[in-house]
Amino acid sequence: MKTIAIIPARGNSKRLPNKNLLLLGRIPLLVHSILFAQKNPSIIDEIYVTTDNAAIKNIALQYGVTVIDRPDAFSGDLEPTISSVQHVLETITHAVDTVVLLQPTNPLRPENLLQEAYVRFCMNDADSLVTVTRNHQKLGKIINNSFEPYNYTIGQRSQDLEPLYFENGLLYITKAKVILEGKIVSENSIPYEVNHIFANVDIDTLDDFDYAAYLINKASRLRSK
């Protein structure tokens, strides 16, 4: 039974056009997730990119991964990720046990993230794993033009906040059977906490892209010293 990586890379993006093709650290955004998967051959048996875009397909093929042509029905702005991931599993002919989902919009990941998360997944009787990061912000709601604190009381110190976590999107590990049922994160899911600056990178706008580029350049300078 195989563990495969699936990288969903749609061609059309309204807020940041062609973002999966933009050069981040001298390589296309998409390629960061491909290279991350390729660095984990002890876990990942095969890598698939699902796309509706010819340029993305060409780049993925250059890096030696398998491309699944995504139908137009699964390529719209409002189409959830699960649709394209399900399509990959329904297209390939051999049995798959586990899927590692890598979103290209989260290009920066701690080096040992997959190894550590996969061990955690295998040691638990769970159908899926989701990476999360602790929130340290004071959040509230605006109701009737008035701000109402949600996770704190006025005057409370931020270090005393009740622990809350956000889904950072760095990676998901899910049993194939769960994906075929229409879920990426199941009810029987475990969290894997990642408190790393990379967890704050999720590229949807130019500002997000510029922030990722800044982090890559900073890391490169530190390595060269």
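Residues numbered from 1 in each chain as written. Predicted model: local features only at pLDDT ≥ 70, side-chain atom pairs only at ≥ 80, totals over all residues. Heavy atoms only, no water.

Asks: How should the nonpolar core be read in this particular structure?
Replies: As a rule of thumb, soluble globular proteins bury nonpolar side chains together. In this structure, Leu30, Val49, Leu102, Leu114, Leu129, Leu171 and Ile173 are the most contacted members of the largest nonpolar core, which totals 34 residues. For this core, the elements supplying multiple residues, two or more each, are strand E1 (2–8), helix H1 (29–38), strand E4 (46–51), helix H2 (54–62), helix H4 (113–122), strand E10 (164–175) and strand E11 (189–193). If we ignore the near neighbours within four places in the chain, the residues touching Leu30 are Ile7, Ala9, Asn20, Val49, Ile56, Ile59, Ala60 and Pro104. Membership of the second largest hydrophobic core comes to 18 residues, among which are Val85, Ile92, Leu101 and Val130. (Core = buried A, V, L, I, M, F, W, Y, C linked by side-chain atoms within 4.5 Å. Buried < 20%, exposed > 50% of the residue type's maximum accessible area, 1.4 Å probe, protein only. Helix = DSSP H or I, 4+ residues; strand = E, 2+ residues; numbered from the N terminus. Contact = heavy atoms within 4.5 Å.)

Asks: Could you clarify how one ought to interpret a nonpolar patch on the surface in this entry?
Replies: Together, Ile197, Tyr211 and Tyr214 line one region of the surface with nonpolar side chains, adding up to about 270 Å² of accessible area. Here Tyr211 shows up in helix H6 (residues 206–224). (Patch = residues over 30% accessible without salt bridge, like charges linked within 9 Å, V, L, I, M, F, W, Y side chains within 5 Å. Areas by Shrake-Rupley, 256 points an atom, 1.4 Å probe, with all protein chains shown as cover. Salt bridge = Lys/Arg side-chain N within 4 Å of Asp/Glu carboxyl O.)

Asks: Looking at this model, I keep getting lost on the pairing of E4. Mind explaining?
Replies: Note on strand geometry: in a regular strand, side chains alternate between the two faces of the sheet. The buried count for E4 comes to five of six residues, which makes it a mostly enclosed element. For E4 and strand E5 (residues 66–69), the ladder comprises four bridges, and the chain directions are parallel. Its bridge partner being in E5, Tyr48 is matched across the sheet by Thr66. Read as a crossover between parallel neighbours, the route from E4 over H2 to E5 is right-handed. (Pairing = 2+ DSSP bridges. Right-handed = clockwise from strand over helix to strand, strands pointing away.)

Asks: Got a minute to help me understand the pattern of salt bridges in this structure?
Replies: Between side chains of opposite charge, a pair can form when the charged atoms approach closely. One pass over the structure, following the stated rule, counts seven salt bridges. The shortest N-O distance in the salt bridge between Lys19 and Asp204 comes to 3.3 Å. You can see Lys19 sitting in the loop between E1 and strand E2 (23–24) and its partner Asp204 sitting in the loop between E11 and H6, a full 185 residues away along the chain. The partly exposed category is assigned to Asp204, whose relative accessible area is 25%. Salt bridges here are not isolated pairs; linked through shared partners, they connect Arg15, Lys19 and Asp204.

Asks: Is there a simple way to think about the sheet that holds strand E7 (residues 128–135) in this case?
Replies: Strands in a sheet are paired, the pairing made by backbone hydrogen bonds, and the direction either parallel or antiparallel. Taken together, seven strands build an open sheet; the order of strands is E5-E4-E1-E6-E10-E7-E11 and the sheet is mixed. Across the chains shown, the open sheet's two edge strands, defined by having one partner strand only, are E5 and E11. On average, each strand axis in the sheet is inclined to that of its neighbour by 30°, with strand direction left out of account. The pairing of E7 with E11 spans five bridges and is classified as parallel. Across the sheet, the residue bridging to Leu129 is Ile190, located in E11. Along the sheet, H4 contacts E1, strand E6 (96–101), E7, E10 and E11; its crossing angle with E10, the most-contacted strand, is approximately 75°. (Axes fitted to C-alpha atoms, helices over the stretch in contact; angles between N-to-C directions.)

Asks: Whenever I open this one, the side chain of Gln103 confuses me. Can you help?
Replies: Mapped onto the secondary structure, Gln103 falls in the loop between E6 and H4. Here Gln103 is in contact with Ser33, Arg109, Gly169 and Tyr172, once residues within four sequence places are set aside.

Asks: Explain the confidence of the model for the protein chain here, please?
Replies: Atomic detail in the predicted coordinates should be set aside for any region of low pLDDT. Here the protein chain averages 92 in pLDDT, and 96% of its residues register 70 or above. Averaged over each element, pLDDT in the protein chain is lowest for H6 (87) and highest for H1 (98). (pLDDT = per-residue confidence, 0-100.)

Asks: What exactly am I supposed to notice about the environment of Ser84 here?
Replies: Within the element layout of this structure, Ser84 appears in helix H3 (residues 81–91). Residue Ser84 is classed as buried on the basis of its relative accessible area of 0%. As a C-alpha pair, Ser84 and Asp69 span 15 residues in sequence and 9.6 Å in three-dimensional space. Apart from the residues lying within four places of it in its own chain, the contact partners of Ser84 are Pro8, Thr50 and Arg70.

Asks: Is there a simple way to think about the packing of aromatic side chains in this case?
Replies: For any pair of aromatic rings, geometry is given as the distance between the ring centres together with the angle between the planes. Summed over the entire model, instances satisfying the criterion amount to one aromatic pair. Ring geometry for Tyr118 versus Phe121: centroids 6.5 Å apart, planes at 40°, classification tilted. With Tyr118 and Phe121 both in helix H4 and three residues apart, this pair spans about one turn of that helix. Overall, Phe121 belongs to the buried group, its relative accessible area being 4%. Here Arg109 stacks its cationic end above the ring of Phe36, 5.3 Å away from the centre of that ring. (Phe/Tyr/Trp six-rings, centres within 6.5 Å; stacked < 30°, edge-to-face > 60°. Lys NZ or Arg CZ within 6 Å of the ring centre and 35° of its normal.)

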